[in-house]
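Structural overview for review
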Amino acid sequence: MIHRGEDATGSADDNGPEGDGPDLGAQLRALRTRLRLSQEQLAQRLGVSFATVNRWEGGRAVPSARSKARLAQLGRQVAAPVPGGRGGPGPDLPVDLRPFIGRARELAELLPLWAGSRTLTLTGAGGVGKSRLAVELLRRAGDPVLGAVRLDTVRDAALAPAAVAMALGVRGKPNVPEPAGIADALRDASGVLFLDTCEHVAGSLHELLRHLLQQAPGLRVLATSQVPLGVPGERVWRVPGLALPPATLPTPLAGPVLAVPPGGPDAAGPGLQDAADPAAGYDAVRLFLARAQERAPGFAAGPATAEVVEICRRLDGIPLAIGLAAAWMGTLSPAELLQHWGTREQLLADPKAEQERHRTLTAAIEWSSALLTAADRDLVAALSVFVGPFTVDDIQAVADVADAVLLAALRRLVDVSWLEFTPGPDTGHYRLLDPLRGWALRQLDRAGAGTAEAVRARHAAHFRELCRQAEADRFRADRGNWPQRLEQAAGNVHAALGWYATADPERGAELAASLLGWWRRSGRLVEGRHWLRAFRQSVAGPLARARAGTAEALLAMDIGDYEDADRLAATALTRLEHEDDLLWIGRALTARSSSAKYRGDMQRSRELLERALTHQRRYGDQQELASTLNNLGSLTADQHDLEAAERYCRLSLEVKRDLGDDRSLAMTMANLADVYLQRRQFGEARALLADAMALAEPLGDEFLITLLRINLGESLLGDNDYAAAVTPFRQALESAVSSGAGRFHALAACGLGQTLCALGDSAKGLRLLRQSRSIAQRMGDEILLEQIRRELAVAAGGSRPGPPLELLSAREAQVLEQVAGGLTNREIAAQLRISPATVQRHLANIYTKLDVRNRTEAARRGLDLGLWPRGQPRPALPPARRRAARA
């Protein structure tokens with residue numbers, strides 16, 4: 001049976017014109033051999049599928065007329081003489097004896113781009129791997145190469161055409177300009193002219209290439225350059241650094257994970273990766289390991305993978321720099337190399353490198369710096385104060401450059417590959433690669449102490465004002481997209497904090513305290529506490545230090561350091577009350593309240609929260625007031641006073657809906673869902689949590705999302721849906737470990753441990769429960785310890801205990817006592833001076849909490865739980881229940 005293939009247009013192959021026959025397959029194989037192409041590469045050149053070429057060579061189909069024409073053209077290219085009269089297949093491309101590593105994603109994008117281009121220029125910073133990638137692109141595309149020209153040795157731009165002519169074997173003729181002579185030689189040729197390292201002669205090449213491309217229709221140009229060549233029709237593709245692991249890699253809890261390395265499918269092949277070392281699949285790390293093993297064959301990162309990742313990240317994934325760093329692995333460990341990072345310019349050197357500009361990292365940068373004008377150098381020096389991405393607005397606030405010329409200057413720096421630009425939906429951002437930034441910082445220091453200090457002061461002041469605006473807007477996404485803006489500005493915020501730590505601690509303390517909401521929302525608990533502690537212990541004024549101490553206390557609460565949180569808040573309160581600083585008094589009281597609650601002193605906790613509420617009402621900030629109402633809801637829920645908890649949560653929701661703060665709404669919805677959980681209304685709880693998650697996820701608030709995942713897991717666990725509970729608990733545990741949120745860590749580990757035990761994996765479940773107990777013990781969290789002890793007893797083979805004694809509110813316990821005494825609802829109402837409807841509502845709560853169906857079962861369960869102290873007569877059971885008990 002003959003299978004019909006398809007050409008690039010989708011039309012079926014015909015049976016072929018005259019001349020088709022059994023030799024077609026052999027002819028195709030011979031052509032592929034001469035072109036040094038695989039079947040897949042030939043298919044790519046022709047715009048057909050690999051299977052189509054395979055069928056042609058197997059005699060199961062024949063090419064269409066279009067495909068035949070293209071094959072004939074390829075055959076003529078092979079047979080055509082090389083310009084200058086030399087025969088043979090054309091010049092060889094530059095060869096690197098070391099294996100090509102990674103770049104699968106880049107090649108997947110470049111191959112189709114190159115197939116449709118006549119001129120393609122790969123741009124990027126020095127050392128980023130443009131030349132090596134271009135050679136690999138040509139190798140995989142299989143195009144015939146007419147000439148390969150290395151232009152880094154051409155010192156005079158006027159000599160660039162002569163270098164091209166020499167590489168093509170074109171001899172000069174009297175009275176014929178070189179461009180015309182080269183064009184005449186290439187007029188009937190088909191193939192690629194490869195121009196490597198063009199940046200210093202780009203102006204001279206512009207006119208030459210424009211002329212050649214007009215006169216030689218079969219000519220294509222692939223170039224590498226730090227600047228575009230400006231040829232009409234030129235496609236410019238910026239080569240990025242090698243793929244780096246993200247700042248936080250997910251850490252699987254057990255077993256391998258199925259993953260394709262982010263470097264692409266060619267990086268390591270899809271399959272099972274070592275869950276303990278997920279970073280090893282990224283191109284930058286793979287290159288480091290490969291180059292290190294060349295110098296030290298026994299080298300393996302092992303536990304040092306984190307240091308290797310840090311080295312690659314500091315070098316922005318630049319292959320040249322990574323190779324120079326990896327060469328030290330026969331002498332230094334990764335950790336030791338990081339210890340000597342201040343001398344990296346001297347360390348990152350290879351005197352044996354073939355090209356002089358690749359022998360040191362500094363040499364590569366100096367080569368690139370020759371592209372800069374004096375004004376460019378001044379601007380780059382000013383930009384060196386930025387850490388990570390920055391915007392045009394940031395530059396205008398920091399650099400002493402007139403707005404009229406700034407945009408043109410930025411465009412030039414992008415064009416010469418000194419700045420990277422990433423467009424965004426609202427505003428794009430720039431970035432100075434770290435190795436280039438190090439060179440630029442030295443330029444700034446050479447400009448003089450006064451100039452450098454003025455630039456750094458403007459930088460710090462700009463980002464302090466940015467953070468002040470974010471705090472005023474409560475870090476909300478709908479008021480300036482603050483979560484994303486601050487995440488992008490994180491490096492610059494840290495730089496500002498560092499500058500203020502020595503130059504102006506008072507303003508530094510104000511900045512650090514203003515970032516409390518950001519530290520919590522972004523999960524930077526440990527980092528935030530570090531900065532707040534530094535300013536609390538600084539020479540800033542007493543009020544600024546008290547605010548920093550209060551903010552530190554709140555982060556200590558999130559981490560689980562309850563004792564320190566209470567100490568810090570108590571110390572700060574003295575100064576705050578002296579200054580009548582109502583906002584921060586309320587926050588300090590909240591920190592002390594939370595500390596008391598988790599250490600088991602519920603009464604003290606409530607008293608402190610009610611004091612905070614009084615101050616916040618005086619202060620008049622509705623957001624703070626709503627937060628305290630929310631905290632009261634959480635506290636009364638922990639006391640199992642569900643009626644009060646629901647009332648506080650709904651009051652908080654009313655205020656927050658008026659404020660339109662999605663983050664705060666979601667937080668209170670999570671606490672209200674906890675009320676539903678305790679009532680065993682699992683469906684209602686999950687619906688509320690789903691609504692809260694819909695608000696939280698667009699904000700990227702890891703703290704809140706972790707809380708919601710824990711609550712969702714507990715809802716599924718309570719509803720015996722163990723398989724579904726695994727995912728939210730596991731995700732919450734990963735986030736909590738990453739952020740250092742101690743209580744979330746313990747809660748998620750406890751929930752996941754319970755779930756695994758229920759699923760039959762008792763070994764892992766018990767291990768997680770013990771881990772949870774250890775964390776709770778370290779924190780002194782009495783509420784959580786009681787829960788974990790019960791679960792450990794169940795996991796060890798005991799029966800699950802009934803609800804704790806404090807499950808019922810005081811009023812509910814009174815109602816149950818009267819029920820057990822045989823009184824009717826009306827009699828109970830008269831006895832307690834409440835309405836019969838209120839009695840009925842209390843009974844409904846009692847039935848839910850005790851998991852019973854009627855009055856008799858409720859009274860019996862109360863007696864079983866010991867709701868009445870020993871030594872006091874228990875109320876008699878209703879007659880029906882006594883009979884059931886005797887039976």
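The rules behind each value
Residues numbered from 1 in each chain as written. Predicted model: local features only at pLDDT ≥ 70, side-chain atom pairs only at ≥ 80, totals over all residues. Heavy atoms only, no water. Helix = DSSP H or I, 4+ residues; strand = E, 2+ residues; numbered from the N terminus. Buried < 20%, exposed > 50% of the residue type's maximum accessible area, 1.4 Å probe, protein only. Contact = heavy atoms within 4.5 Å. Core = buried A, V, L, I, M, F, W, Y, C linked by side-chain atoms within 4.5 Å. Expected span 1.5 Å × (residues − 1). Polar contact = N/O pair within 3.5 Å; in protein donor to acceptor, adjacent residues only side chain to side chain. Phe/Tyr/Trp six-rings, centres within 6.5 Å; stacked < 30°, edge-to-face > 60°. Lys NZ or Arg CZ within 6 Å of the ring centre and 35° of its normal. Pairing = 2+ DSSP bridges. Axes fitted to C-alpha atoms, helices over the stretch in contact; angles between N-to-C directions. Parallel < 35°, antiparallel > 145°, perpendicular 65-115°, else oblique. Nonpolar A, V, L, I, M, F, W, Y, C, P; charged D, E, K, R; others polar. pLDDT = per-residue confidence, 0-100. Salt bridge = Lys/Arg side-chain N within 4 Å of Asp/Glu carboxyl O. Left-handed = near helix turned anticlockwise from the far one by under 90°.

**Observations regarding the overall build of the protein**
Within the protein one finds 44 helices and nine strands. Among the 887 residues that make up the protein, the fraction classed as buried is 51%. Within the protein, contacts between residues at least 6 apart in sequence are counted, and of these 67% link residues at least 24 apart.

**Observations concerning the nonpolar core**
Core analysis: the largest hydrophobic core is formed by 207 residues, its most contacted members being Leu151, Leu193, Leu195, Leu205, Phe288 and Trp418. Once you skip the residues sitting within four places of it in the chain, Leu193 turns out to touch Gly147, Val149, Val164, Leu168, Leu209, Leu212, Leu219, Arg220, Val221 and Leu222. Counting residues in hydrophobic clusters, the runner-up holds 21 residues, among them Leu120, Val135, Leu222 and Val239.

**Let's talk about helix α37 (residues 742-758)**
Under the 1.5 Å per step criterion, the end-to-end length of α37 is 24 Å for 17 residues, consistent within 8% with the ideal 24 Å. Among the 17 residues that make up α37, 16 are buried, leaving the element largely enclosed by the rest of the structure. Note on α37: the residue one or two positions beyond its end, Gly760, has a positive phi of about 100°.

**Regarding helix α33 (residues 662-678)**
Helix length check: α33 (17 residues) gives 25 Å between terminal C-alpha atoms against 24 Å at 1.5 Å per residue, within 8%. In terms of residue burial, α33 counts as a mostly covered element, since 15 of its 17 residues are buried. In this structure Asp661 caps α33, since a side-chain oxygen of it lies 3.1 Å from the backbone nitrogen of Arg663. At the C-terminal side of α33, Arg680 shows a positive phi close to 65°.

**Quick word on the packing of aromatic side chains**
Summed over the entire model, instances satisfying the criterion amount to 11 aromatic pairs. Between the aromatic rings of Trp499 and Tyr500, the centroid separation amounts to 5.3 Å while the plane-to-plane angle is 70°, which identifies the pairing as edge-to-face. Residue Tyr500 is classed as buried on the basis of its relative accessible area of 2%. By way of ring pairs, the aromatic residues Phe386, Phe390, Phe421, Tyr430 and Phe463 are connected into one cluster. Against the face of Trp114 rests Arg220, its NZ or CZ located 3.9 Å from the ring centre.

**Description of the pairing of strand β1 (residues 119-123)**
Every other side chain in a regular strand lies on the same face of the sheet, so the side chains alternate between the two faces. For β1, the tally of buried residues reaches five of five residues, placing the bulk of the element in the interior. Every second residue of β1 is oriented toward a common face, with Thr119, Thr121 and Thr123 on one face and Leu120 and Leu122 on the other, all of them buried. Pairing of β1 with strand β4 (residues 219-224) involves four bridges; the strand directions are parallel. Residue pairing for β4: Leu120 is matched across the bridge by Leu222. Across four bridges, β1 lies against strand β5 (residues 235-238) in parallel orientation. By the bridge assignment, Thr123 is partnered in β5 with Arg238.

**Section: the environment of Gly549**
Mapped onto the secondary structure, Gly549 falls in helix α27 (residues 542-559). Residue classification places Gly549 among the buried positions, given a relative accessible area of 2%. Considering only alpha carbons, one finds Gly549 and Ala569, 20 residues apart in sequence, at a separation of 6.7 Å. Once residues lying within four places of it in the same chain are set aside, the contact partners of Gly549 are Arg536 and Leu568.

**Focus: the packing of helix α7 (residues 160-168) against helix α9 (residues 202-215)**
Between α7 and α9, the least distance of the axes is 9 Å, while the angle of their chain directions is 55°. The pairing of α7 with α9 is recorded here as oblique in orientation. Only Ser204, Leu205 and Leu208 of α9 make contact with α7, whose side of the interface consists of Ala160, Pro161 and Val164. When the residues that make up the contact of α7 with α9 are grouped by side-chain class, the tally is five nonpolar, one polar and no charged.

**Comments concerning the sheet that holds β5**
Taken in spatial order, the five strands of this open sheet run β2-β3-β4-β1-β5, and their pairing is parallel. The strands lining the two open edges of the sheet, one partner per strand, are β2 (145-150) and β5. Across the sheet, the mean angle from the axis of one strand to that of its neighbour is 15°, orientation sign disregarded. Pairing geometry for strand β3 (residues 191-196) and β4, over five bridges, is parallel. For Phe194, the partnering residue across the bridge sits in β4 and is Leu222. Packing of helix α5 (residues 104-115) onto the sheet brings it into contact with β1, β3, β4 and β5, and relative to β5 it is tilted by some 175°.

**Let's talk about the confidence of the model for the protein**
Taken over all residues, the pLDDT of the protein has a mean of 82, while the share at 70 or more is 85%. Ranking the helices and strands of the protein by mean pLDDT puts helix α24 (residues 505-514) first, with 97, and strand β6 (residues 257-259) last, with 31. Of the regions scoring below 50 in pLDDT, residues 80-90 engages in 17 contacts with residues more than four places distant in sequence or in other chains. Scored below 50 in pLDDT, residues 868-887 makes 27 contacts in the model with residues more than four places away or belonging to other chains.

**Examining the pattern of salt bridges**
Counting across every chain of the model gives 44 salt bridges. The partner of Arg286 in a salt bridge is Asp283, and the shortest N-O contact between them spans 3.8 Å. Taken together, the residues Arg286 and Asp283, both in helix α11 (residues 283-295) and three residues apart, mark about one turn of the helix. Residue Asp566 pairs with Arg592 through a salt bridge whose shortest N-O separation is 2.8 Å. One end of the pair, Asp566, is in helix α28 (residues 562-579); the other, Arg592, is in helix α29 (residues 582-598), with 26 residues separating them in the sequence. Overall, Arg592 belongs to the buried group, its relative accessible area being 18%. A single salt-bridge network, built from bridges that share partners, covers Arg529, Arg533, Arg536, Glu552, Asp561, Asp564 and Arg567.

**As for unusual backbone geometry**
Excluding glycine, residues mostly have negative phi values, and the peptide bonds linking residues are mostly trans. Of note, Thr197 is a non-glycine position whose phi angle comes to about 65°, a positive value. With a relative accessible area of 6%, Thr197 lands in the buried category. Of note in this structure, Asn720 is not a glycine but carries a positive phi near 65°.

**Considerations on the side chain of Asp316**
Residue position: Asp316 is located in the loop between α12 (305-314) and α13 (319-326). In terms of polar contacts, Asp316 uses its side chain to reach the side chain of Arg431, at 2.4 Å. When residues no more than four places from it in sequence are discounted, the contact partners of Asp316 are Gly241, Leu244, Arg431, Leu433, Asp434 and Pro435.

**Considering the packing of α27 against α28**
Interaxial distance between α27 and α28 falls to 8 Å at its minimum, and their mutual angle equals 150°. Relative to α28, the element α27 is oriented roughly antiparallel. Considering how the two elements wind past one another, α27 and α28 form a crossing that is left-handed. On α28, the residues that touch Pro542, Leu543, Ala546, Arg547, Gly549, Thr550, Glu552, Ala553, Ala556 and Met557 of α27 are Tyr562, Ala565, Leu568, Ala569, Ala572, Arg575, Leu576 and Glu579. Its residues placed into classes, the contact of α27 with α28 shows 12 nonpolar, two polar and four charged.

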